Amino acid sequence: MNRIGVIGGGTMGAGIAEIAARAGSEVIILERDTTAADTARRRIEKSLARAVEAEKLNRSAADEAVARIALTMSIDDLADQELVIEAAPEIESLKTEFFAKLDAIVAPETILATNTSAIPVIRLAGATTRPERVLGMHFFNPVPVLPLVEIVSTLKTDPTVVGKVTTYARDTLGKDTIQSKDQAGFIVNALLIPYLCAAIRMVETGFATTEDIDQGMISGCAHPMGPLRLIDTIGLDTTLAIIESLHQEFGQPHYAPPPLLRRMVEAGHLGRKTGQGFYDY
């Protein structure tokens, strides 16, 4: 697969587009307007510049990657892509709308993937006439740095599609891949979210400070980042969406959204992207 479409040029979409272009694929990113498209391109160029500065990439390779990325405001420009990866916000209705539109324009052999963090993939596949060619391809933030991709197959996904996407992620993108069945949260978030909720509840009840909770997990458990700093990096709104999806799926108390998290999202304190979350930036 050499022609890759990406729905959304936000943090995740831009990262996916960057690593695909660095690996030699031709990439088209769909954005809603020219302002968002310009922001996506700047985001990618800034990330590549950091890689050059850190001597992980040479300047020529960075320039070649930028040249392989095109931006568009028309979904019709994705019609001839071999793989389209949806990286829109964690809003199920928005994602299903994109899948329905893609299904109407792409070739029968095109594979449709979603980067959703928690929404069961079969719900998105149901918006298409090709559920056997739909699967999850869950990257982790920051995409150019973290090596993992969860490959999520539904009850209808064709095993040959799973194999083709796994090979692309592993051999072309250079990622580590793990296979997950299709349930909310998949493997990583199903394990991670109760831990993050517990950390929020400690702050909420005054049991411990933000700094001490994070330092405890860094120094005591060898985590590279504490849970509250991690939530700020993920985005509090994204974290809340994942928690709500897991709670809807399983109904278990440890997946219940902490009220403090809801209040912070309602206040617009979304973490690094807004400059304020559990920490100030």
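Up top is the structure.
Structure report, in brief. (Residues numbered from 1 in each chain as written. Predicted model: local features only at pLDDT ≥ 70, side-chain atom pairs only at ≥ 80, totals over all residues. Heavy atoms only, no water.)

On to the sheet that holds strand β1 (residues 3-7), then. In spatial order, the strands read β3-β2-β1-β4-β5-β6-β7-β8; together these 8 strands make up an open sheet with mixed pairing. At either end of the open sheet lies a strand with only one pairing partner, and these are β3 (69-72) and β8 (176-181). Geometrically, the sheet is characterised by an average inter-axis angle of 25° between neighbouring strands, direction not taken into account. Of the strand pairs in this sheet, strand β6 (residues 134-139) and strand β7 (residues 148-153) are connected by 4 bridges, and their pairing is antiparallel. Its bridge partner being in β7, M137 is matched across the sheet by I151. Lying on the sheet, helix α1 (residues 11-22) is in contact with β1, β2 (26-30), β3, β4 (83-86) and β6; it crosses β2 at an angle near 165°. With respect to the sheet, helix α2 (residues 34-53) is in contact with β2 and β3, its orientation differing from that of β3 by roughly 160°. (Pairing = 2+ DSSP bridges. Helix = DSSP H or I, 4+ residues; strand = E, 2+ residues; numbered from the N terminus. Axes fitted to C-alpha atoms, helices over the stretch in contact; angles between N-to-C directions. Contact = heavy atoms within 4.5 Å.)

Turning next to the pairing of strand β5 (residues 111-114). The alternating pattern of β5 places I111 and A113 on one face and L112 and T114 on the opposite face, and all of these are buried. Pairing analysis gives 4 bridges linking β4 to β5, with the strands arranged parallel. Counterpart to V84 in the pairing with β5 is L112. A crossover connection joins β4 to the parallel β5 through helix α4 (residues 92-105); in handedness this β-α-β unit is right-handed. In this sheet, β6 lies alongside β5 in parallel orientation, the contact comprising 3 bridges. For A113, the partnering residue across the bridge sits in β6 and is L135. (Buried < 20%, exposed > 50% of the residue type's maximum accessible area, 1.4 Å probe, protein only. Right-handed = clockwise from strand over helix to strand, strands pointing away.)

Here we come to the side chain of T239. When you line up the elements, T239 lands in helix α10 (residues 236-250). Excluding residues that lie within four positions of it along the chain, T239 makes contacts with L196, I231, I234 and L261.

Before going further, it helps to examine the pattern of salt bridges. Between side chains of opposite charge, a pair can form when the charged atoms approach closely. Enumeration over the complete set of coordinates arrives at 16 salt bridges. Across the pair K95 and E90 runs a salt bridge, and its minimum N-O distance is 3.4 Å. Residue classification places K95 among the buried positions, given a relative accessible area of 0%. (Salt bridge = Lys/Arg side-chain N within 4 Å of Asp/Glu carboxyl O.)

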